[in-house]
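Each chain is listed here by its residues.
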Amino acid sequence: MKTKLQITALALVLGTLGAACGVKAPSQELLSARAAYDVAAKGPAGKVEQDKLLTAKQALDKAEKEHLDDAQSNEEKHFAYIAERVANLADTYGKASMNQRTAAAAKAEFDQLSESRRVAAEGKVVKTQAELDNERAARLKAEASLQAALRSLAEFAKVKEEPRGMVITLNGSVLFTTGKWELLPAAQKKLDDVAKALADLDPKRAIVVEGHTDSQGPDDANQTLSNDRAKSVRDYLVSRGVADGRISSVGKGEGTPIGENTSAEGRANNRRVEIVIAPAK
Amino acid sequence: MRSLIAVSLFAFAFGCGNAEVPAQELAQTEASIRAAEEVGAAGHPEAALHVKMARDQLKSAEKYIDDDETELAKEALYRASLDAELAVALSRENQTRVEALNMQQKAASLRTGAP
(Lines give C-alpha, C1' and ligand atoms only; values in the text may rest on other atoms or scores of the structure.)
Protein backbone atom coordinates (compact mmCIF):
# COMPACT_ATOMS: atom_id res chain seq x y z
CA MET A 1 0.00 0.00 0.00
CA LYS A 2 2.83 2.31 0.97
CA THR A 3 4.70 1.49 -2.25
CA LYS A 4 1.62 2.23 -4.36
CA LEU A 5 1.30 5.64 -2.75
CA GLN A 6 4.97 6.34 -3.41
CA ILE A 7 4.59 5.43 -7.10
CA THR A 8 1.52 7.60 -7.46
CA ALA A 9 3.32 10.52 -5.81
CA LEU A 10 6.33 10.02 -8.08
CA ALA A 11 4.08 9.98 -11.16
CA LEU A 12 2.44 13.21 -10.04
CA VAL A 13 5.81 14.85 -9.49
CA LEU A 14 7.12 13.70 -12.87
CA GLY A 15 3.90 14.71 -14.58
CA THR A 16 4.12 18.15 -13.02
CA LEU A 17 7.77 18.48 -14.01
CA GLY A 18 7.02 17.27 -17.54
CA ALA A 19 4.18 19.71 -17.93
CA ALA A 20 6.37 22.46 -16.55
CA CYS A 21 9.10 21.64 -19.07
CA GLY A 22 6.60 21.27 -21.95
CA VAL A 23 7.40 17.54 -22.52
CA LYS A 24 4.47 15.52 -23.85
CA ALA A 25 4.28 11.80 -24.59
CA PRO A 26 4.57 10.76 -28.25
CA SER A 27 1.30 10.15 -30.07
CA GLN A 28 0.10 6.62 -30.58
CA GLU A 29 0.84 7.08 -34.31
CA LEU A 30 4.46 7.95 -33.55
CA LEU A 31 4.90 4.98 -31.23
CA SER A 32 3.44 2.67 -33.89
CA ALA A 33 5.66 4.21 -36.57
CA ARG A 34 8.81 3.65 -34.51
CA ALA A 35 7.86 0.02 -33.91
CA ALA A 36 6.94 -0.57 -37.58
CA TYR A 37 10.25 0.91 -38.74
CA ASP A 38 12.24 -1.30 -36.34
CA VAL A 39 10.41 -4.41 -37.53
CA ALA A 40 10.96 -3.57 -41.20
CA ALA A 41 14.64 -2.67 -40.76
CA LYS A 42 15.35 -5.98 -39.04
CA GLY A 43 13.48 -8.05 -41.66
CA PRO A 44 14.19 -8.84 -45.33
CA ALA A 45 13.47 -5.21 -46.24
CA GLY A 46 16.77 -4.28 -44.59
CA LYS A 47 18.49 -5.92 -47.56
CA VAL A 48 16.09 -5.67 -50.48
CA GLU A 49 13.94 -2.59 -49.82
CA GLN A 50 16.48 -0.04 -48.66
CA ASP A 51 14.98 2.80 -50.72
CA LYS A 52 11.59 2.27 -49.18
CA LEU A 53 13.13 2.07 -45.73
CA LEU A 54 14.92 5.35 -46.33
CA THR A 55 11.62 7.00 -47.23
CA ALA A 56 10.08 5.60 -44.04
CA LYS A 57 13.04 6.91 -42.02
CA GLN A 58 12.67 10.38 -43.53
CA ALA A 59 8.97 10.45 -42.62
CA LEU A 60 9.77 9.16 -39.14
CA ASP A 61 12.42 11.86 -38.64
CA LYS A 62 9.89 14.44 -39.78
CA ALA A 63 7.35 13.06 -37.27
CA GLU A 64 9.98 13.15 -34.50
CA LYS A 65 10.75 16.78 -35.37
CA GLU A 66 7.08 17.68 -35.36
CA HIS A 67 6.80 15.93 -32.01
CA LEU A 68 9.57 18.08 -30.57
CA ASP A 69 8.10 21.23 -32.08
CA ASP A 70 4.48 20.55 -31.24
CA ALA A 71 3.86 17.22 -29.55
CA GLN A 72 0.62 15.41 -30.36
CA SER A 73 0.01 17.81 -33.25
CA ASN A 74 -1.79 16.74 -36.41
CA GLU A 75 1.49 17.08 -38.32
CA GLU A 76 3.26 14.68 -35.95
CA LYS A 77 0.45 12.19 -36.39
CA HIS A 78 0.32 12.65 -40.15
CA PHE A 79 4.03 12.03 -40.71
CA ALA A 80 4.00 9.18 -38.22
CA TYR A 81 1.10 7.62 -40.15
CA ILE A 82 3.10 7.94 -43.38
CA ALA A 83 6.22 6.52 -41.73
CA GLU A 84 4.33 3.52 -40.40
CA ARG A 85 2.64 2.74 -43.72
CA VAL A 86 5.83 3.09 -45.75
CA ALA A 87 7.68 0.90 -43.23
CA ASN A 88 4.85 -1.65 -43.54
CA LEU A 89 5.17 -1.51 -47.32
CA ALA A 90 8.93 -2.05 -47.13
CA ASP A 91 8.40 -4.98 -44.81
CA THR A 92 5.70 -6.51 -47.04
CA TYR A 93 7.70 -6.09 -50.25
CA GLY A 94 10.73 -7.58 -48.50
CA LYS A 95 8.75 -10.62 -47.41
CA ALA A 96 7.27 -11.04 -50.90
CA SER A 97 10.77 -10.93 -52.35
CA MET A 98 11.91 -13.56 -49.88
CA ASN A 99 8.90 -15.73 -50.77
CA GLN A 100 9.77 -15.48 -54.46
CA ARG A 101 13.34 -16.54 -53.76
CA THR A 102 12.09 -19.45 -51.66
CA ALA A 103 9.70 -20.50 -54.45
CA ALA A 104 12.47 -20.24 -57.04
CA ALA A 105 14.80 -22.40 -54.93
CA ALA A 106 12.04 -24.97 -54.38
CA LYS A 107 11.26 -25.00 -58.11
CA ALA A 108 14.94 -25.53 -58.93
CA GLU A 109 15.01 -28.46 -56.52
CA PHE A 110 11.75 -29.79 -57.96
CA ASP A 111 13.08 -29.56 -61.53
CA GLN A 112 16.33 -31.25 -60.54
CA LEU A 113 14.50 -34.09 -58.79
CA SER A 114 12.12 -34.46 -61.74
CA GLU A 115 15.05 -34.67 -64.13
CA SER A 116 16.76 -37.25 -61.92
CA ARG A 117 13.59 -39.33 -61.89
CA ARG A 118 13.21 -39.04 -65.64
CA VAL A 119 16.79 -40.15 -66.21
CA ALA A 120 16.33 -43.04 -63.76
CA ALA A 121 13.11 -44.08 -65.52
CA GLU A 122 14.82 -43.99 -68.91
CA GLY A 123 17.62 -46.12 -67.50
CA LYS A 124 15.05 -48.64 -66.36
CA VAL A 125 13.50 -48.74 -69.84
CA VAL A 126 16.92 -49.27 -71.38
CA LYS A 127 17.57 -52.05 -68.91
CA THR A 128 14.23 -53.67 -69.73
CA GLN A 129 15.01 -53.43 -73.42
CA ALA A 130 18.39 -55.04 -72.77
CA GLU A 131 16.70 -57.85 -70.91
CA LEU A 132 14.30 -58.38 -73.82
CA ASP A 133 17.22 -58.42 -76.23
CA ASN A 134 18.98 -61.01 -74.08
CA GLU A 135 15.87 -63.17 -73.95
CA ARG A 136 15.46 -62.92 -77.71
CA ALA A 137 19.11 -63.84 -78.25
CA ALA A 138 18.78 -66.82 -75.94
CA ARG A 139 15.64 -67.93 -77.79
CA LEU A 140 17.35 -67.67 -81.16
CA LYS A 141 20.31 -69.57 -79.81
CA ALA A 142 18.00 -72.33 -78.58
CA GLU A 143 16.25 -72.48 -81.96
CA ALA A 144 19.62 -72.72 -83.68
CA SER A 145 20.67 -75.43 -81.26
CA LEU A 146 17.47 -77.33 -82.04
CA GLN A 147 18.03 -77.02 -85.77
CA ALA A 148 21.58 -78.30 -85.35
CA ALA A 149 20.33 -81.25 -83.31
CA LEU A 150 17.71 -81.98 -85.94
CA ARG A 151 20.30 -81.95 -88.68
CA SER A 152 22.22 -84.61 -86.76
CA LEU A 153 19.02 -86.66 -86.71
CA ALA A 154 18.62 -86.43 -90.43
CA GLU A 155 19.65 -90.02 -90.98
CA PHE A 156 16.76 -91.40 -89.00
CA ALA A 157 14.34 -88.50 -88.58
CA LYS A 158 12.25 -86.17 -90.69
CA VAL A 159 11.39 -82.67 -89.61
CA LYS A 160 8.55 -80.61 -90.98
CA GLU A 161 6.39 -77.66 -90.01
CA GLU A 162 2.68 -78.31 -89.67
CA PRO A 163 -0.21 -76.21 -88.34
CA ARG A 164 0.06 -78.09 -85.03
CA GLY A 165 3.76 -77.12 -84.76
CA MET A 166 7.15 -78.57 -85.62
CA VAL A 167 6.93 -82.34 -86.07
CA ILE A 168 10.00 -84.56 -85.70
CA THR A 169 9.26 -88.03 -87.04
CA LEU A 170 11.53 -90.78 -85.78
CA ASN A 171 11.52 -94.15 -87.48
CA GLY A 172 10.44 -96.89 -85.09
CA SER A 173 12.96 -99.42 -86.35
CA VAL A 174 15.80 -97.08 -85.41
CA LEU A 175 14.46 -96.53 -81.89
CA PHE A 176 13.18 -99.93 -80.89
CA THR A 177 13.46 -103.61 -81.71
CA THR A 178 10.26 -105.29 -82.96
CA GLY A 179 7.51 -105.49 -80.35
CA LYS A 180 9.62 -103.71 -77.69
CA TRP A 181 9.55 -100.20 -76.27
CA GLU A 182 13.01 -99.93 -74.68
CA LEU A 183 15.16 -97.43 -76.55
CA LEU A 184 18.16 -98.79 -78.39
CA PRO A 185 21.53 -97.39 -77.17
CA ALA A 186 22.24 -95.74 -80.53
CA ALA A 187 18.86 -94.04 -80.42
CA GLN A 188 19.52 -92.75 -76.90
CA LYS A 189 22.70 -91.10 -78.06
CA LYS A 190 20.86 -89.35 -80.87
CA LEU A 191 18.06 -88.28 -78.57
CA ASP A 192 20.56 -86.66 -76.19
CA ASP A 193 21.09 -83.80 -78.65
CA VAL A 194 17.36 -83.41 -79.14
CA ALA A 195 16.81 -83.34 -75.38
CA LYS A 196 19.40 -80.63 -74.92
CA ALA A 197 17.89 -78.48 -77.64
CA LEU A 198 14.34 -78.98 -76.32
CA ALA A 199 15.46 -78.09 -72.77
CA ASP A 200 16.78 -74.74 -73.99
CA LEU A 201 13.74 -74.01 -76.14
CA ASP A 202 11.07 -71.48 -75.15
CA PRO A 203 9.45 -73.10 -72.08
CA LYS A 204 6.03 -71.90 -73.25
CA ARG A 205 6.14 -74.29 -76.20
CA ALA A 206 4.47 -77.55 -75.15
CA ILE A 207 5.83 -80.86 -76.43
CA VAL A 208 3.83 -84.00 -77.16
CA VAL A 209 5.42 -87.36 -77.98
CA GLU A 210 3.10 -89.52 -80.11
CA GLY A 211 3.54 -93.25 -80.64
CA HIS A 212 2.26 -94.92 -83.89
CA THR A 213 2.23 -98.53 -85.14
CA ASP A 214 1.37 -100.36 -88.32
CA SER A 215 -1.83 -102.40 -88.63
CA GLN A 216 -0.32 -105.78 -88.04
CA GLY A 217 -1.46 -107.55 -84.87
CA PRO A 218 -4.40 -106.81 -82.57
CA ASP A 219 -5.56 -103.21 -82.26
CA ASP A 220 -5.35 -103.16 -78.48
CA ALA A 221 -1.82 -104.57 -78.53
CA ASN A 222 -0.80 -101.88 -81.03
CA GLN A 223 -2.43 -99.22 -78.87
CA THR A 224 -0.53 -100.41 -75.80
CA LEU A 225 2.73 -100.64 -77.72
CA SER A 226 2.31 -97.12 -79.10
CA ASN A 227 1.57 -95.85 -75.58
CA ASP A 228 4.65 -97.53 -74.17
CA ARG A 229 6.95 -96.37 -76.93
CA ALA A 230 5.75 -92.76 -76.70
CA LYS A 231 6.17 -92.83 -72.95
CA SER A 232 9.62 -94.37 -73.27
CA VAL A 233 10.81 -91.53 -75.51
CA ARG A 234 9.13 -88.92 -73.33
CA ASP A 235 10.69 -90.29 -70.12
CA TYR A 236 14.11 -90.41 -71.72
CA LEU A 237 13.87 -86.77 -72.82
CA VAL A 238 12.81 -85.78 -69.29
CA SER A 239 15.75 -87.69 -67.86
CA ARG A 240 17.94 -85.59 -70.15
CA GLY A 241 16.71 -82.21 -68.93
CA VAL A 242 13.40 -81.45 -70.60
CA ALA A 243 11.00 -80.08 -67.96
CA ASP A 244 8.56 -82.74 -66.81
CA GLY A 245 5.60 -80.42 -66.91
CA ARG A 246 5.88 -79.31 -70.53
CA ILE A 247 6.16 -82.69 -72.24
CA SER A 248 3.51 -85.38 -72.45
CA SER A 249 3.04 -88.63 -74.36
CA VAL A 250 0.16 -90.29 -76.13
CA GLY A 251 -0.31 -93.60 -77.98
CA LYS A 252 -2.13 -93.32 -81.30
CA GLY A 253 -2.03 -97.07 -82.16
CA GLU A 254 -2.51 -97.90 -85.80
CA GLY A 255 -5.16 -95.20 -86.35
CA THR A 256 -2.99 -92.51 -87.96
CA PRO A 257 -0.97 -94.14 -90.74
CA ILE A 258 1.20 -92.12 -93.08
CA GLY A 259 1.80 -94.98 -95.51
CA GLU A 260 0.05 -98.03 -96.96
CA ASN A 261 -0.10 -100.94 -94.51
CA THR A 262 -0.23 -103.31 -97.50
CA SER A 263 3.47 -102.84 -98.33
CA ALA A 264 6.56 -103.45 -96.23
CA GLU A 265 7.82 -99.94 -96.87
CA GLY A 266 4.46 -98.37 -95.90
CA ARG A 267 4.31 -100.35 -92.68
CA ALA A 268 7.87 -99.32 -91.85
CA ASN A 269 6.90 -95.68 -92.22
CA ASN A 270 3.82 -96.16 -90.07
CA ARG A 271 5.91 -97.57 -87.20
CA ARG A 272 7.13 -94.28 -85.84
CA VAL A 273 7.34 -91.81 -82.98
CA GLU A 274 6.48 -88.18 -83.57
CA ILE A 275 7.71 -85.35 -81.32
CA VAL A 276 5.32 -82.40 -81.80
CA ILE A 277 6.56 -79.01 -80.60
CA ALA A 278 3.70 -76.51 -80.35
CA PRO A 279 4.18 -73.23 -82.26
CA ALA A 280 5.72 -70.25 -80.42
CA LYS A 281 3.01 -67.90 -79.09
CA MET B 1 3.15 2.32 -60.64
CA ARG B 2 3.14 1.97 -56.88
CA SER B 3 6.44 3.79 -56.52
CA LEU B 4 5.34 6.57 -58.85
CA ILE B 5 2.23 7.23 -56.82
CA ALA B 6 4.10 7.05 -53.55
CA VAL B 7 6.88 9.36 -54.64
CA SER B 8 4.61 11.94 -56.20
CA LEU B 9 2.27 12.01 -53.26
CA PHE B 10 5.12 11.97 -50.81
CA ALA B 11 6.51 15.08 -52.47
CA PHE B 12 3.46 17.18 -51.80
CA ALA B 13 3.07 15.64 -48.34
CA PHE B 14 6.41 17.16 -47.41
CA GLY B 15 5.22 20.64 -48.15
CA CYS B 16 4.90 21.51 -51.80
CA GLY B 17 1.12 21.69 -51.96
CA ASN B 18 -1.09 24.55 -53.11
CA ALA B 19 -4.60 25.79 -52.39
CA GLU B 20 -6.31 24.22 -55.42
CA VAL B 21 -8.83 21.43 -55.01
CA PRO B 22 -6.80 18.21 -55.40
CA ALA B 23 -9.06 16.71 -58.06
CA GLN B 24 -6.30 14.65 -59.66
CA GLU B 25 -5.09 13.28 -56.34
CA LEU B 26 -8.67 12.45 -55.44
CA ALA B 27 -9.19 10.53 -58.67
CA GLN B 28 -5.87 8.70 -58.30
CA THR B 29 -6.64 7.71 -54.77
CA GLU B 30 -10.07 6.41 -55.69
CA ALA B 31 -8.48 4.41 -58.49
CA SER B 32 -5.88 2.99 -56.08
CA ILE B 33 -8.59 1.87 -53.67
CA ARG B 34 -10.58 0.22 -56.46
CA ALA B 35 -7.42 -1.54 -57.63
CA ALA B 36 -6.86 -2.85 -54.10
CA GLU B 37 -10.39 -4.17 -54.01
CA GLU B 38 -9.97 -5.81 -57.42
CA VAL B 39 -6.85 -7.77 -56.49
CA GLY B 40 -8.89 -9.52 -53.86
CA ALA B 41 -7.91 -7.62 -50.74
CA ALA B 42 -11.24 -8.63 -49.24
CA GLY B 43 -9.97 -12.21 -49.05
CA HIS B 44 -7.09 -11.20 -46.82
CA PRO B 45 -8.12 -9.79 -43.41
CA GLU B 46 -5.21 -7.40 -42.94
CA ALA B 47 -5.47 -6.14 -46.52
CA ALA B 48 -9.22 -5.68 -46.12
CA LEU B 49 -8.56 -3.61 -42.99
CA HIS B 50 -6.28 -1.29 -44.95
CA VAL B 51 -8.83 -0.92 -47.73
CA LYS B 52 -11.31 0.19 -45.08
CA MET B 53 -8.74 2.64 -43.65
CA ALA B 54 -8.18 3.99 -47.14
CA ARG B 55 -11.92 4.49 -47.58
CA ASP B 56 -12.08 6.29 -44.21
CA GLN B 57 -9.21 8.58 -45.19
CA LEU B 58 -10.89 9.26 -48.52
CA LYS B 59 -14.06 10.35 -46.71
CA SER B 60 -11.99 12.63 -44.50
CA ALA B 61 -10.37 14.14 -47.58
CA GLU B 62 -13.76 14.80 -49.18
CA LYS B 63 -14.91 16.50 -46.01
CA TYR B 64 -11.75 18.64 -45.92
CA ILE B 65 -12.39 19.62 -49.56
CA ASP B 66 -15.92 20.65 -48.67
CA ASP B 67 -14.48 22.73 -45.82
CA ASP B 68 -11.86 24.29 -48.13
CA GLU B 69 -9.11 22.64 -46.07
CA THR B 70 -7.09 21.77 -49.14
CA GLU B 71 -3.79 20.90 -47.45
CA LEU B 72 -5.48 18.65 -44.94
CA ALA B 73 -7.39 17.02 -47.81
CA LYS B 74 -4.13 16.31 -49.66
CA GLU B 75 -2.61 14.78 -46.55
CA ALA B 76 -5.65 12.57 -46.05
CA LEU B 77 -5.53 11.50 -49.71
CA TYR B 78 -1.89 10.58 -49.34
CA ARG B 79 -2.61 8.50 -46.29
CA ALA B 80 -5.46 6.82 -48.20
CA SER B 81 -3.21 6.03 -51.15
CA LEU B 82 -0.63 4.43 -48.85
CA ASP B 83 -3.27 2.26 -47.24
CA ALA B 84 -4.53 1.20 -50.68
CA GLU B 85 -1.00 0.38 -51.81
CA LEU B 86 -0.37 -1.59 -48.63
CA ALA B 87 -3.58 -3.59 -49.15
CA VAL B 88 -2.40 -4.61 -52.64
CA ALA B 89 1.07 -5.43 -51.33
CA LEU B 90 -0.32 -7.59 -48.54
CA SER B 91 -2.53 -9.52 -50.96
CA ARG B 92 0.37 -10.17 -53.29
CA GLU B 93 2.72 -11.10 -50.48
CA ASN B 94 0.15 -13.63 -49.33
CA GLN B 95 -0.04 -15.01 -52.87
CA THR B 96 3.75 -15.39 -53.11
CA ARG B 97 3.81 -17.11 -49.71
CA VAL B 98 1.19 -19.64 -50.83
CA GLU B 99 3.05 -20.26 -54.10
CA ALA B 100 6.34 -20.78 -52.25
CA LEU B 101 4.69 -23.18 -49.85
CA ASN B 102 3.09 -25.16 -52.69
CA MET B 103 6.38 -25.42 -54.54
CA GLN B 104 8.18 -26.52 -51.37
CA GLN B 105 5.56 -29.22 -50.86
CA LYS B 106 5.94 -30.42 -54.46
CA ALA B 107 9.72 -30.62 -54.06
CA ALA B 108 9.34 -32.40 -50.71
CA SER B 109 6.97 -34.98 -52.22
CA LEU B 110 9.58 -35.81 -54.86
CA ARG B 111 12.37 -35.82 -52.30
CA THR B 112 10.55 -38.29 -50.07
CA GLY B 113 9.44 -40.40 -53.04
CA ALA B 114 5.71 -39.76 -52.61
CA PRO B 115 3.68 -39.84 -55.86
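Model, not experiment: these values are computed from the prediction. Residues take numbers from 1 onward in each chain, read along the sequence in its written order. In the order they appear in the text, chains get letters beginning with A and ligands get numbers beginning with 1. At least 70 in pLDDT is required for a residue's local features to be given in this predicted model, at least 80 for side-chain atom pairs to be given and counted, and no such filter applies to totals for whole chains, interfaces and linings, which use all residues. Hydrogens and water are ignored here; the side-chain numbers use all heavy atoms of the structure.

A.B. asks: Explain the interface of chain A and chain B to me, please; I cannot follow it from the model alone.
C.D. replies: The accessible area lost on association of the parts is a frequent measure of interface size. Facing 29 residues of chain A, the contacting portion of chain B comprises 30 residues. Two parts placed together each lose some accessible area under a 1.4 Å probe, and the buried area is that loss summed for both. Across the chain A to chain B interface the summed buried area is about 2700 Å²; carbon plus sulfur atoms make up 69%. Definition used for salt bridges: Asp or Glu carboxyl oxygen within 4 Å of a side-chain nitrogen of Lys or Arg. Counting across the interface, chain A meets chain B through three salt bridges. Taking the shortest distance from any N to any O, the salt bridge between Arg111(B) and Glu109(A) comes out at 2.6 Å. We call two N or O atoms a polar contact when they sit within 3.5 Å, provided that within protein one can donate a hydrogen and the other can accept it, with sequence-adjacent residues counted only if both atoms are side-chain atoms. For the pair chain A and chain B, the interface holds eight residue pairs in polar contact (both at pLDDT 80 or more). Helix numbering and strand numbering both begin at the N terminus, where a helix is a DSSP run of H or I of at least 4 residues and a strand a DSSP run of E of at least 2. Looking at the side of chain A that touches chain B, the elements with two or more residues in it are α4 (50-69) and α5 (74-152) of chain A. Looking at which element gives the most residues to the side of chain A that touches chain B, the answer is α5(A), with 24 residues. Here, residues are in contact when the closest pair of their heavy atoms is within 4.5 Å.

A.B. asks: I would appreciate a short explanation of the environment of Val21(B) in the present structure.
C.D. replies: All names here are of chain B. Turning to its location among the elements, Val21 is positioned in the loop between α1 (2-13) and α2 (23-38). Residue classification places Val21 among the exposed residues on the basis of a relative accessible area of 55%. Separated by 48 residues in sequence, Val21 and Glu69 place their C-alpha atoms 9.0 Å apart. What Val21 contacts, discounting residues up to four positions off in sequence, is Ile65 and Thr70. Relative accessibility decides the category of a residue: with a 1.4 Å probe and only protein chains considered, values under 20% of the type maximum give buried, values over 50% give exposed, and everything between is partly exposed.

A.B. asks: Explain the packing of aromatic side chains here, please?
C.D. replies: Centre distance and the angle of the planes are the two values used to describe a pair of aromatic rings. Aromatic pairs are defined between Phe, Tyr and Trp rings, using the six-membered ring for Trp, whenever the two ring centres lie within 6.5 Å; interplanar angles under 30 degrees are classed as stacked, those over 60 as edge-to-face, and all others as tilted. Tallied over the full model, the rule gives zero aromatic pairs over all chains. The cationic tip of Arg85(A) hangs over the ring face of Tyr81(A); the distance from NZ or CZ to the ring centre is 4.2 Å. Stacked on the ring of Phe110(A), the Lys or Arg Lys106(B) has its end atom at 4.6 Å from the ring centre. In our convention, an over-ring charge means Lys NZ or Arg CZ found within 6 Å of a ring centre and within 35 degrees of that ring's normal.

A.B. asks: Just to check I follow, could you spell out helix α3 (residues 45-66) of chain B for this structure?
C.D. replies: Helical geometry note: an α-helix holds 3.6 residues per turn, so side chains three or four residues apart project in the same direction. All names here are of chain B. Here α3 contains 22 residues, and its C-alpha end-to-end distance of 32 Å stays within 8% of the 32 Å for a straight helix at 1.5 Å per residue. When α3 is considered as a whole, its buried residues turn out to be Ala47, His50, Val51, Ala54, Gln57, Leu58, Ala61 and Ile65. Seen end-on, α3 carries its buried residues on one side only, within an arc spanning 125°. Turned more than 90 degrees off the buried face of α3, the exposed positions are Pro45, Lys59, Lys63 and Asp66. Immediately downstream of α3, the backbone of Asp68 shows phi near 60°, a positive value. To estimate how far a helix should extend, the number of its residues minus one is multiplied by 1.5 Å. Working definition: the arc comes from the directions between the helix axis and the C-beta atoms, pointing outward to the latter.

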